Number of protein chains: 2
Amino acid sequence: MQPRILIVGTGAIGGFYGGKLTQAGASVSTLCRSDYELVKSKGITVTSTLGNFHFTPEKVIRDLGEYGPPPDYILVGLKVLPEIDTAKIIKEVVGAETAIVLLQNGVEIEEPVARAFPDNEIISGLAFICATRTSPGHIDHTDFGRLVIGRFPAGKSAKAEELATLFNDSGVVCEVSEDVVTARWRKLVWNAPFNPISVLGGGADTKTMVENPESLELARNVMEEVCLIAEAAGHPLPEEIVQQNIDGTRAMAPYKSSMLVDFEAARPMEVEAILGNGLRVAKRHGVSAPHMESLYGLLKLVDSKIRSQES
Amino acid sequence: MQPRILIVGTGAIGGFYGGKLTQAGASVSTLCRSDYELVKSKGITVTSTLGNFHFTPEKVIRDLGEYGPPPDYILVGLKVLPEIDTAKIIKEVVGAETAIVLLQNGVEIEEPVARAFPDNEIISGLAFICATRTSPGHIDHTDFGRLVIGRFPAGKSAKAEELATLFNDSGVVCEVSEDVVTARWRKLVWNAPFNPISVLGGGADTKTMVENPESLELARNVMEEVCLIAEAAGHPLPEEIVQQNIDGTRAMAPYKSSMLVDFEAARPMEVEAILGNGLRVAKRHGVSAPHMESLYGLLKLVDSKIRSQES
């Protein structure tokens, strides 16, 4: 029997990877809030460099009570924001055997969920993907798509292996890591500079950020700070990772970061997941990270403006 | 005979202080570019906390050839931008006895003018003022107004004393400093954080910047870096200056920095005068200034976007 998977947070990440899992034969349902009506009637259309596809979820639900027996996997693609309590949102549908998969940005984002469900397997995951929800029910996948997943906080996991096999069957390269926390820090090397700079630099895409010598220098400094913090926290990263991230970004099709997409839509940004959490780890370990601190101070100002305009 | 003064750069600074000098009996003319027609026909209207006033220049000229014999003072209120060559602009009207007064922001901004006119007295000046040119021929003065002027690079100056007397007669408090370069660093303690943060923080006024704890922390860090650089450059500032600037900003009526006004009008910003020059001094003296560096990297990105849209 194919595994039953519930997607919570059906944005670019949830919609894209949920659709791919369907292609591998899984029974994938989605919890939708704002996009419910449209996804319920028309499903999700994905324009993708891996080939366009349409994702018709098994069930589209607005309320977890409609789902049925607990799923084998809950795949969380929600944004990481202080006001979004993932544990509370998924509580009703978590069964004894349910693995909770957090496909989210940032560092130190697993703890609240792990504390709320101490007996459940938590699979932490990173999506190396350029994908944007362009409108309700529409996702534009422009580059990459690789996943790294692994049992949190570390170790082997049969469920992660099973999930990875599904992804690989669907054409998504998915690696299982026995040290997924290090993988999170590795991803932060990209996110910590380029997400904030794209917003603070006046709406810059990746090409603009690496071609401007001053913002490239800033990005490099932030990356080096992330490496220092990761090392102090017991997750050393290879020295060449900074240059690899810069070269990789140069090679990318010009891309708007997810934070910039949020900013332009006047939506709250993942400031804490991407900078605040890392800075708190820095503080715990006495690591100085003044460039990250600067971006954080500015983003908090921008984010509070967005939030004040929302209400 | 009252001194003849030519204002070059008739924005908020040139218009306001030129008008005050007229009130003290000086013969003040203005060189206008974009505002020429309006100022020629209607003069400049200043809404001011020191009392509203109207400034009718002796002559309003579009070309220095129209001015006549060299003035006693040229008061430069131009923005400090790489593409504005002050020396070249004023060359035609500088006489042997003309003192060149630079009422401009930033540090290390005098050298190009001093090099071009080695036999002329250069008076460097700082305006501690909240004033904005709201439209052609209209200036809104909302707070402060004090001047510090002094012979560049240092020392006593009869011409600076004479000019200060005129200002004081007009109701503008003007102090003559024998160490005006230190006064420039002192002013940079305010400008280096609050001008950039106001732009990068999504259009924040002074109140917003000091009330948000993260941006206040960033401002404080930048101020401390300015103090370290100034000290290394031989211009030590008193320790309490950081807290004084923060308290002073808290006490201010909410104010949009001049850099934010430029940004909102999509005009090039004084990035080099306010951050780049200071950072080059830091580099010369081996001082680390990562918070300033971060603001610089971001502002260069924003400024290059503005410039690319201009053309």
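Quick caveat, the model's predicted, so the values are computed rather than measured.

Engineer: Any chance you could explain the overall build of chain A here in plain terms?
Structural biologist: Within chain A, the secondary structure is distributed over 12 helices and 10 strands. On C-alpha atoms alone, chain A measures out to a radius of gyration of 19 Å, which is about the 19 Å that the 2.2 N^0.38 rule sets for 311 residues. Once the C-alpha set of chain A is aligned to its principal axes, its extents read approximately 50 × 40 × 40 Å. Here chain A holds 311 residues, and 58% of them are scored as buried. For chain A, the accessible surface area stands at approximately 12,500 Å², while carbon and sulfur atoms represent 51% of it. Counting 30 positive and 40 negative side-chain charges, chain A places the centres of these two groups 5 Å from one another.

Engineer: Is there a simple way to think about the nonpolar core in this case?
Structural biologist: Residues I100 and W185 of chain A together with I100 and W185 of chain B are the most contacted members of the largest nonpolar core, which totals 146 residues. Counting residues per element, this core draws most heavily on helix 6 (residues 180-200) of chain A, which supplies 12 residues. Sequence-distant contacts of W185 of chain A, that is, excluding residues within four places in its chain, are made with V107, V226, I229, A230, H235, L237, G278 and V281 of chain A.

Engineer: I would appreciate a short explanation of the relation of the copies chain A and chain B in the present structure.
Structural biologist: The operation linking the two copies of the chain is a rotation about an axis combined with a translation along the axis. You can overlay chain A on chain B at an RMSD of 0.0 Å; the transform is a turn of 180° with a shift of 0.0 Å along its axis. When the rotation and shift are considered jointly, the pair of chain copies conforms to a two-fold rotation axis. In this assembly, 100% of the residues forming the interface of chain A have copies in chain B that are likewise at the interface, indicating an isologous arrangement.

Engineer: I'm lost on the packing of helix 12 (residues 290-310) of chain A against helix 8 (residues 213-232) of chain B in this one. Help?
Structural biologist: Think of two packed helices as two axes; the pair is described by the angle between the axes and how far apart they sit. The interhelical angle for the contact between helix 12 of chain A and helix 8 of chain B, taken along N-to-C directions, is 140°, at an axis separation of 7 Å. Judged by the angle between their axes, helix 12 of chain A and helix 8 of chain B are oblique. Crossing of helix 12 of chain A over helix 8 of chain B shows left-handed handedness. Facing helix 12 of chain A, whose interface residues are E293, S294, Y296, G297, L298, K300 and L301 of chain A, helix 8 of chain B presents E214, S215, L218 and N221 of chain B.

Engineer: Where do I start with the pairing of strand 7 (residues 99-103) of chain A in this structure?
Structural biologist: As a general feature of sheets, a regular strand has side chains that alternate between the two faces. Residues and elements named next belong to chain A. When you tally the buried positions in strand 7, you get 5 out of 5 residues, the bulk of the element. On strand 7, burial covers both faces: A99, V101 and L103 on one face and I100 and L102 on the other are all buried. Taken together, the 4 bridges between strand 6 (residues 73-76) and strand 7 define a ladder with parallel strand orientation. Within strand 7, the residue paired with I74 across the bridge is I100.

Engineer: Which parts of the structure should I look at to understand the domain arrangement of chain A?
Structural biologist: How big an interface is tends to be stated in terms of the accessible area lost upon association of its parts. Residue and element names in this part refer to chain A. Each assigned domain of chain A is listed with its residue range as follows: domain 1 (4-178) and domain 2 (182-310). One C-alpha centre belongs to domain 1, the other to domain 2; they are set 24 Å apart. Between domain 1 and domain 2, the contact holds 26 residues from the first and 24 residues from the second. By the criterion of area lost to domain 2, the three top residues of domain 1 are K79, N105 and V107, representing 31% of everything that side buries.

Engineer: What is the right way to read the packing of aromatic side chains from this model?
Structural biologist: Any aromatic ring pair is given by two values, namely how distant the centres are and how the planes are angled relative to each other. Tallied over the full model, the rule gives 8 aromatic pairs over all chains. Seen from their ring centres, Y17 of chain B and F167 of chain B are 5.7 Å apart, and the 90° between their planes marks the pair as edge-to-face. Of this pair, Y17 of chain B sits in helix 1 (residues 12-23) while F167 of chain B sits in helix 5 (residues 158-170), and the two are 150 residues apart along the sequence. Accessibility classification places Y17 of chain B together with F167 of chain B in one group, the buried group. An aromatic cluster is present here, built from F16, Y17, F53 and F167 of chain A joined pairwise through their rings. We note K187 of chain A situated over the ring of F128 of chain A; from NZ or CZ to the ring centre the distance is 5.6 Å. When the ring centre of Y73 of chain B is taken as reference, the NZ or CZ atom of K159 of chain B above it lies at 5.0 Å.

Engineer: What am I meant to see in the packing of helix 6 of chain A against helix 12 of chain A here?
Structural biologist: Residue and element names in this part refer to chain A. Between helix 6 and helix 12, whose axes approach to 10 Å, the crossing angle comes to 50°. Here helix 12 runs oblique to helix 6, going by the angle between their axes. Where helix 6 crosses over helix 12, the handedness of that crossing is left-handed. Residues A192, P196, I197, V199 and L200 of helix 6 lie in contact with helix 12, whose contacting residues are L295, L298, L299 and V302. Tallied by class, the residues present in the contact of helix 6 with helix 12 amount to 9 nonpolar, no polar and no charged.

Engineer: Just checking my understanding: could you explain the interface of chain A and chain B for this structure?
Structural biologist: Each partner contributes residues to the interface: chain A has 26 residues there, and chain B has 26 residues. When the two sides are added together, the surface that chain A and chain B hide from each other amounts to roughly 2,000 Å², 66% of it contributed by carbon and sulfur. In terms of surface lost to chain B, no three residues of chain A exceed E214, L298 and L301 of chain A, which account for 28% of the buried area on that side. Along the contact surface separating chain A from chain B lie 0 salt bridges. Our enumeration of links across chain A and chain B arrives at 6 residue pairs in polar contact (both at pLDDT 80 or more). Looking at the side of chain A that touches chain B element by element, the count peaks at 13 residues for helix 12 of chain A. Across the side of chain A that touches chain B, the residue classes tally to 11 nonpolar, 11 polar and 4 charged.

Engineer: Would you mind showing me how to read helix 5 (residues 158-170) of chain A here?
Structural biologist: Since the α-helix packs 3.6 residues into each turn, any two residues three or four apart lie on the same face. All names here are of chain A. Across its 13 residues, helix 5 extends 19 Å between first and last C-alpha, which sits within 8% of the 18 Å expected from 1.5 Å per residue. For helix 5, the set of buried residues is A160, L163, A164, L166, F167 and S170. Along the axis of helix 5, the buried positions cluster into a sector of 155°, meaning they face one direction only. Looking at helix 5, the residues exposed on the side facing more than 90 degrees away from the buried face are A158 and D169. Here helix 5 starts with a cap whose side-chain oxygen sits 3.4 Å from the backbone nitrogen of K159, and that cap is S157.

Engineer: Would you mind showing me how to read the pairing of strand 2 (residues 27-31) of chain B here?
Structural biologist: All names here are of chain B. By the criterion of burial, strand 2 is predominantly enclosed, with 5 of the 5 residues buried. Here strand 2 shows no split at all, with S27, S29 and L31 on one side and V28 and T30 on the other all buried. Relative to strand 2, strand 1 (residues 4-8) runs parallel, the two being bridged by 5 bridges. Bridging across to strand 2, I7 finds its partner in T30. For the handedness criterion, the β-α-β arrangement of strand 1, helix 1 and strand 2 is classed as right-handed. Pairing of strand 2 with strand 5 (residues 60-61) involves 2 bridges; the strand directions are parallel. Looking at strand 5, one finds that L31 is bridged to I61.

Cut-offs applied
- Residues numbered from 1 in each chain as written.
- Chains lettered and ligands numbered in written order.
- Predicted model: local features only at pLDDT ≥ 70, side-chain atom pairs only at ≥ 80, totals over all residues.
- Heavy atoms only, no water.
- Helix = DSSP H or I, 4+ residues; strand = E, 2+ residues; numbered from the N terminus.
- Rg over C-alpha atoms; globule rule 2.2 N^0.38 Å.
- Buried < 20%, exposed > 50% of the residue type's maximum accessible area, 1.4 Å probe, protein only.
- Areas by Shrake-Rupley, 256 points an atom, 1.4 Å probe, with all protein chains shown as cover.
- Lys, Arg positive; Asp, Glu negative; His and termini not counted.
- Charge placed at Lys NZ, Arg CZ, Asp CG, Glu CD.
- Core = buried A, V, L, I, M, F, W, Y, C linked by side-chain atoms within 4.5 Å.
- Contact = heavy atoms within 4.5 Å.
- Least-squares fit on C-alpha atoms with pLDDT ≥ 70 in both.
- Axes fitted to C-alpha atoms, helices over the stretch in contact; angles between N-to-C directions.
- Parallel < 35°, antiparallel > 145°, perpendicular 65-115°, else oblique.
- Left-handed = near helix turned anticlockwise from the far one by under 90°.
- Pairing = 2+ DSSP bridges.
- Domains from an automatic or database assignment.
- Buried area = accessible area lost by both parts, 1.4 Å probe.
- Phe/Tyr/Trp six-rings, centres within 6.5 Å; stacked < 30°, edge-to-face > 60°.
- Lys NZ or Arg CZ within 6 Å of the ring centre and 35° of its normal.
- Nonpolar A, V, L, I, M, F, W, Y, C, P; charged D, E, K, R; others polar.
- Salt bridge = Lys/Arg side-chain N within 4 Å of Asp/Glu carboxyl O.
- Polar contact = N/O pair within 3.5 Å; in protein donor to acceptor, adjacent residues only side chain to side chain.
- Expected span 1.5 Å × (residues − 1).
- Arc of directions from axis to C-beta.
- Right-handed = clockwise from strand over helix to strand, strands pointing away.

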